[in-house]
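Coordinates in review
These are the residues of each chain, in order.
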Amino acid sequence: MIKVLVVDDDFMVAKVHSGYVARTPGFEVVGVAHTAAEAIRSVRELRPDLVLLDIYLPDADGVHVLRELRGGAAGEQAGHTDVIVVSAARDVETVRAAVRGGVLHYLIKPFEYAALRDQLAHFAEVRSRLTGSVDQAVLDQVFGARPTAAPTMPKGLTPQTAKLVEEVLRSADGDVSATECAGQTNLSRVSARRYLEHFVSAGRAEVRLRYGSTGRPERRYRWLN
């Protein structure tokens, strides 16, 4: 299991991000910190593989924490701990400081689970490949294109309703139709289908046609794990 430390001054946000990590196969939350001092101490004591680091902390900003980790103030283990920034901070100087500090990625809050899941999957893939000696092909993959944050919702769709449709797809024993999804979410059939087609376009669900004896084939949707 890849050990993760979640750092955020907001207790509820830290809980949400911890839940995201716990939902991701191969990852576990080993600790939560709400201040810069607690974050540095937790890295030294818990020895996480990855830190999800907020910038806005009450005693010092996340850039200070990053410098302390890279400078060795948190102990030798800190130099082997990777960092993904998760923050509402979007000013250029903060982003530049994070990049100079060697962060793996920078996610602007708020974001959906899929955005963090993709970055965690990328991190796990990099770790698995960087063992023993590597060739140029592996390095090109590691330092090449990285996953981007989840695409924004199309006009007229909301993250909250998309979450309801996602839960229907995830919990379904097989595939579902737009009509069945509408019945479980209290949406109209047209609205349910828009969300279902959005997930198909985003590569998070697939659709197949079921042919009956007469009429048009029925579109059936299934979540992709």
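Structural notes, computed from the coordinates. All values reported here derive from a predicted model rather than from experimental measurement.

1. Comments concerning helix α1 (residues 11-23)
- For α1, which comprises 13 residues, the first-to-last C-alpha distance of 18 Å matches the rise-based estimate of 18 Å (1.5 Å per residue) to within 8%.
- Every buried residue of α1 is listed here: A14, H17, S18, Y20 and V21. Along the axis of α1, the buried positions cluster into a sector of 155°, meaning they face one direction only. When the buried face of α1 is taken as reference, the exposed residues oriented beyond 90 degrees from it are M12, K15 and A22.
- In this structure, the buried side of α1 is in contact with β1 (2-7), β2 (27-33), β3 (50-53), β4 (82-87) and α5 (113-129).
- Two or three places before M12, at the opening of α1, D10 has a side-chain oxygen 2.9 Å from that residue's backbone nitrogen.

2. Observations concerning unusual backbone geometry
- Note that the residue after K109, namely P110, is joined by a cis bond; omega there is -5°.
- One non-glycine residue, N186, lies in the positive phi region at around 60°.
- Tracing the backbone shows N186 in the loop between α8 (178-185) and α9 (189-201).
- Classification of N186 as exposed rests on a relative accessible area of 74%.

3. Description of the packing of helix α7 (residues 159-171) against α9
- Following both chains from N to C, one finds α7 and α9 inclined at 75°, their axes separated by 10 Å at the closest point. By the criterion of interaxial angle, the relationship of α7 to α9 is roughly perpendicular. Side by side, α7 and α9 meet where T161, A162, V165, E166 and L169 of the first sit next to Y195, L196 and F199 of the second.
- Across the contact of α7 with α9, the residue classes break down as six nonpolar, one polar and one charged.

4. Brief notes about the pattern of salt bridges
- Tallied over the entire structure, the rule returns 16 salt bridges.
- The salt bridge involving D8 is made with K109; its shortest N-O contact spans 2.7 Å. With D8 in the loop between β1 and α1 and K109 in the loop between β5 (105-108) and α5, this residue pair connects regions lying 101 residues apart in the sequence. The two residues D8 and K109 agree in class, both being buried.
- R210 serves as the salt-bridge partner of E218, at 2.8 Å between the closest nitrogen and oxygen.
- The exposure class of R210 is partly exposed, given its relative accessible area of 40%.
- Each of the salt bridges in this network shares a partner with another, and the network as a whole consists of D175, E180, R208, R210, E218 and R220.

5. A short note on the sheet that holds β5
- Taken together, the five strands give an open sheet; going across it, the order is β2-β1-β3-β4-β5, and neighbouring strands pair in parallel fashion. In this open sheet, the two edge strands, each paired with only one partner strand, are β2 and β5. Going across the sheet, the axis of each strand differs from the next one's by a mean of 20°, ignoring polarity.
- Helix α3 (residues 62-71) rests against β3 and β4 of the sheet, and its axis sits at about 180° to β4.
- Along the sheet face, α5 touches β1, β2, β3, β4 and β5 and points at about 170° away from the line of β5.

6. What to know about the packing of aromatic side chains
- A complete count under the given rule lists three aromatic pairs for this structure.
- Both rings, one in Y20 and one in Y113, keep their centres 5.5 Å apart while their planes meet at 50°; by these two values the pair is tilted. Taken together, the positions of Y20 in helix α1 and Y113 in helix α5 put the pair 93 residues apart, joining distant regions of the chain. Neither Y20 nor Y113 differs from the other in exposure class; each is buried.
- Residues F199 and W223 carry aromatic rings whose centres are separated by 5.2 Å and whose planes lie at 80° to one another, so their mutual orientation is edge-to-face. Within this pair, whereas F199 is found in helix α9, its partner W223 is found in strand β8 (residues 218-223), the two being separated by 24 residues in sequence.
- Following the ring pairs from residue to residue traces out a cluster consisting of Y20, F111 and Y113.
- Over the face of the ring belonging to Y113 we find R23, whose NZ or CZ atom lies 3.9 Å from the ring centre.

Here is what the cut-offs are and how they apply
- Residues numbered from 1 in each chain as written.
- Predicted model: local features only at pLDDT ≥ 70, side-chain atom pairs only at ≥ 80, totals over all residues.
- Heavy atoms only, no water.
- Helix = DSSP H or I, 4+ residues; strand = E, 2+ residues; numbered from the N terminus.
- Expected span 1.5 Å × (residues − 1).
- Buried < 20%, exposed > 50% of the residue type's maximum accessible area, 1.4 Å probe, protein only.
- Arc of directions from axis to C-beta.
- Contact = heavy atoms within 4.5 Å.
- Polar contact = N/O pair within 3.5 Å; in protein donor to acceptor, adjacent residues only side chain to side chain.
- Axes fitted to C-alpha atoms, helices over the stretch in contact; angles between N-to-C directions.
- Parallel < 35°, antiparallel > 145°, perpendicular 65-115°, else oblique.
- Nonpolar A, V, L, I, M, F, W, Y, C, P; charged D, E, K, R; others polar.
- Salt bridge = Lys/Arg side-chain N within 4 Å of Asp/Glu carboxyl O.
- Pairing = 2+ DSSP bridges.
- Phe/Tyr/Trp six-rings, centres within 6.5 Å; stacked < 30°, edge-to-face > 60°.
- Lys NZ or Arg CZ within 6 Å of the ring centre and 35° of its normal.

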